[in-house]
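# Architecture at a glance
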Amino acid sequence: ARFVDASVVLALRFALGMSTSIQSPVGMILVVESCPSSARAQIIFGIQMFTALGNVCEGFLVMHFMPHFGEAASDNWRLYCMVMGSTALAMVPLMSCLLESPSFLAVKGDAQ
């Protein structure tokens, strides 16, 4: 078996946490700026609801793949990470559908 140094895992985990914590508020701001004001509350509620549902699903996945929280040899943390990562990778093609922020376009002088 090949082992990775704990400092490498810690650095990668830190980078993942930073990228996740930056993505959430930036995504919300982009949504608020881009959607009609009449639909903002519903869209923000939907985003928050699906985030909460995703967290619940993540808990069920932990119960299924790692019932001993990674302490037992039978815990399959690699498969858990692959399942969680695949959901994030599935969203990458959708990112190409995002438009620029209206505020960014106004600053550039491209506002219409």
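Residues numbered from 1 in each chain as written. Predicted model: local features only at pLDDT ≥ 70, side-chain atom pairs only at ≥ 80, totals over all residues. Heavy atoms only, no water.

### Side note on the layout of surface pockets
- Within this model, the largest pocket holds a volume of roughly 2,300 Å³.
- Lining of the largest pocket is provided by 39 residues; of these, Leu16, Thr20, Gln23, Met84 and Ala88 occupy positions nearest its centre.
- Only helix H1 (6-34), helix H2 (40-65) and helix H3 (77-95) provide two or more residues apiece to the lining of the largest pocket.
- A per-element tally of the lining of the largest pocket places H1 first, with 14 residues.
- Split by residue class, the lining of the largest pocket holds 23 nonpolar, 12 polar and 4 charged. (1 Å grid on protein atoms, 1.4 Å probe; cavity = no way out; pocket = protein on both sides within 12 Å on 5 of 7 lines; lining within 4 Å. Points joined across faces, edges and corners; volume = space filled by probe spheres on them. Helix = DSSP H or I, 4+ residues; strand = E, 2+ residues; numbered from the N terminus. Nonpolar A, V, L, I, M, F, W, Y, C, P; charged D, E, K, R; others polar.)

### As for the environment of Met28
- Of note, Met28 is situated in helix H1.
- The class of Met28 is buried, set by a relative accessible area of 18%.
- Spatially, the C-alpha atoms of Met28 and Ala41 are 11 Å apart, while their sequence positions differ by 13 residues.
- Residue contacts for Met28: discarding those within four places in its chain leaves Ile44, Ile47 and Gln48. (Buried < 20%, exposed > 50% of the residue type's maximum accessible area, 1.4 Å probe, protein only. Contact = heavy atoms within 4.5 Å.)

### Observations concerning the packing of H2 against H3
- Two elements in contact, H2 and H3, have axes whose closest approach is 9 Å; the angle formed by their N-to-C orientations is 155°. Classified by the angle between their axes, H2 and H3 sit roughly antiparallel to one another. The way H2 lies across H3 gives a crossing that is right-handed. Within the contact between the two elements, H2 uses Glu58, Leu61, Val62 and Phe65 and H3 uses Leu79, Tyr80, Val83 and Met84.
- When its residues are assigned to classes, the contact of H2 with H3 shows 7 nonpolar, no polar and 1 charged. (Axes fitted to C-alpha atoms, helices over the stretch in contact; angles between N-to-C directions. Parallel < 35°, antiparallel > 145°, perpendicular 65-115°, else oblique. Left-handed = near helix turned anticlockwise from the far one by under 90°.)

### Quick notes on the packing of H1 against H2
- Two numbers describe how H1 lies on H2: the axes approach to 10 Å, and their chain directions differ by 155°. In terms of orientation, H1 and H2 fall into the roughly antiparallel class. When the axes of H1 and H2 are compared, the crossing they make is right-handed. Of the residues in H2, those in contact with Met28, Val31 and Val32 of H1 are Arg40, Ile43, Ile44, Ile47 and Gln48.
- Among the residues forming the contact of H1 with H2, the class breakdown is 6 nonpolar, 1 polar and 1 charged.

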